[in-house]
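Chain by chain, the residues run as shown.
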Amino acid sequence: EPEVTQTPSHQVTQMGQEVILRCVPISNHLYFYWYRQILGQKVEFLVSFYNNEISEKSEIFDDQFSVERPDGSNFTLKIRSTKLEDSAMYFCASSSPGLGMPDTQYFGPGTRLTVL
Amino acid sequence: EDKVVQSPLSLVVHEGDTVTLNCSYEVTNFRSLLWYKQEKKAPTFLFMLTSSGIEKKSGRLSSILDKKELFSILNITATQTGDSAIYLCAGTSGNTPLVFGKGTRLSVIA
């Protein structure tokens, strides 16, 4: 069964450093998302991506964040200068219109980012 | 602002019990409500509901949506320790961000 994959599973970085989180969405999906979950809190939307551009972003997704689909399979989230409060689990998700359940987003296993 | 509210936030039951988890939503141009199970990491998909009154069922789990009253319930019958998890409810207007509730933490004890 196809699934969303994410690397790395855990990233530890120093405050102020840049990190890139990687995701490979399900191959025939067209919509891609990043969410984050701070420990003990609810899952929060960061950004959605469709047709090679950002379709929607939340207030959390400020200038420190960027997303890219550098090739036909990868989808990346970059944080330019990490802050302590960026420590969270970051989930990638994908979905596709035109299939039986178009609104269903399938989540990857997550990357746990720890900023020291 | 769109919001999803789940109750209870936490629940402890014994194996074999039946539980009902609640989710109310206020989502602009609402189209679907989704239930996920989160054990250690990623939310795993359980159900997507778009129509009122039609029960979706998968084994011991079932869910139904009431679009008039803006809520959904998730039922789990004959609970097992493997059902212990956080159950997340999320609303969407379709191919848009999911708005999640805080989740219900279910603990099933033997």
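Up top is the structure these notes are about.
Here we summarise the structure given alongside this text. Because the structure is predicted, anything quoted here is derived from the model rather than measured.

**Section: the overall build of chain A**
Part 1 of the argument: Regarding its fold elements, chain A presents zero helices and 11 strands.
Part 2 of the argument: When the elements of chain A are put in sequence order from the N terminus, they spell out β-β-β-β-β-β-β-β-β-β-β.
Part 3 of the argument: For a compact globule of 116 residues, the expected C-alpha radius of gyration is about 13 Å, and chain A comes in at 14 Å, within 12% of that figure.
Part 4 of the argument: Put simply, of all contacts in chain A between residues at least 6 apart along the chain, 55% involve residues at least 24 apart.
Part 5 of the argument: Of the roughly 5800 Å² of accessible surface on chain A, 47% is carried by carbon and sulfur atoms.
Part 6 of the argument: Put simply, chain A has 9 plus and 14 minus side-chain charges, and the middle of one group is 4 Å from the middle of the other.

**Considering the pattern of salt bridges**
All names here are of chain B.
Part 1 of the argument: Evaluated as defined, the whole model comprises three salt bridges over all chains.
Part 2 of the argument: Taking the shortest distance from any N to any O, the salt bridge between arginine 60 and aspartate 83 comes out at 2.8 Å. Note that arginine 60 is positioned in the loop between β6 (56-58) and β7 (61-66) and aspartate 83 in the loop between β8 (71-76) and β9 (85-92), a separation of 23 residues in sequence.
Part 3 of the argument: Since its relative accessible area comes to 24%, arginine 60 is described here as partly exposed.
Part 4 of the argument: With a relative accessible area of 4%, aspartate 83 lands in the buried category.

**Digging into the sheet that holds strand β1 (residues 5-7) of chain A**
All names here are of chain A.
Part 1 of the argument: Taken together, the four strands give an open sheet; going across it, the order is β1-β3-β8-β7, and neighbouring strands pair in antiparallel fashion. Edge positions in the sheet fall to β1 and β7 (65-68), since each has one partner strand and no second. For this sheet the average axis-to-axis angle between neighbouring strands, irrespective of direction, equals 20°.
Part 2 of the argument: Of the pairings in the sheet, the one linking β7 to strand β8 (residues 75-79) comprises four bridges and is antiparallel in character.

**Focus: the state of the cysteines**
All names here are of chain B.
Part 1 of the argument: This model, assessed by the stated rule, comprises two disulfides over all chains.
Part 2 of the argument: The partner cysteine of cysteine 23 in its disulfide is cysteine 89, sulfur to sulfur 1.8 Å. Judged by the torsion about the S-S bond (-65°), the cysteine 23/cysteine 89 disulfide is left-handed. Here cysteine 23 is found in strand β3 (residues 19-26), whereas its partner cysteine 89 is found in strand β9, with 66 residues between them in sequence. For the pair cysteine 23 and cysteine 89, one class covers both residues: buried.

Procedures and definitions
Residues numbered from 1 in each chain as written. Chains lettered and ligands numbered in written order. Predicted model: local features only at pLDDT ≥ 70, side-chain atom pairs only at ≥ 80, totals over all residues. Heavy atoms only, no water. Helix = DSSP H or I, 4+ residues; strand = E, 2+ residues; numbered from the N terminus. Rg over C-alpha atoms; globule rule 2.2 N^0.38 Å. Contact = heavy atoms within 4.5 Å. Areas by Shrake-Rupley, 256 points an atom, 1.4 Å probe, with all protein chains shown as cover. Lys, Arg positive; Asp, Glu negative; His and termini not counted. Charge placed at Lys NZ, Arg CZ, Asp CG, Glu CD. Salt bridge = Lys/Arg side-chain N within 4 Å of Asp/Glu carboxyl O. Buried < 20%, exposed > 50% of the residue type's maximum accessible area, 1.4 Å probe, protein only. Pairing = 2+ DSSP bridges. Axes fitted to C-alpha atoms, helices over the stretch in contact; angles between N-to-C directions. Disulfide = S-S within 2.5 Å.

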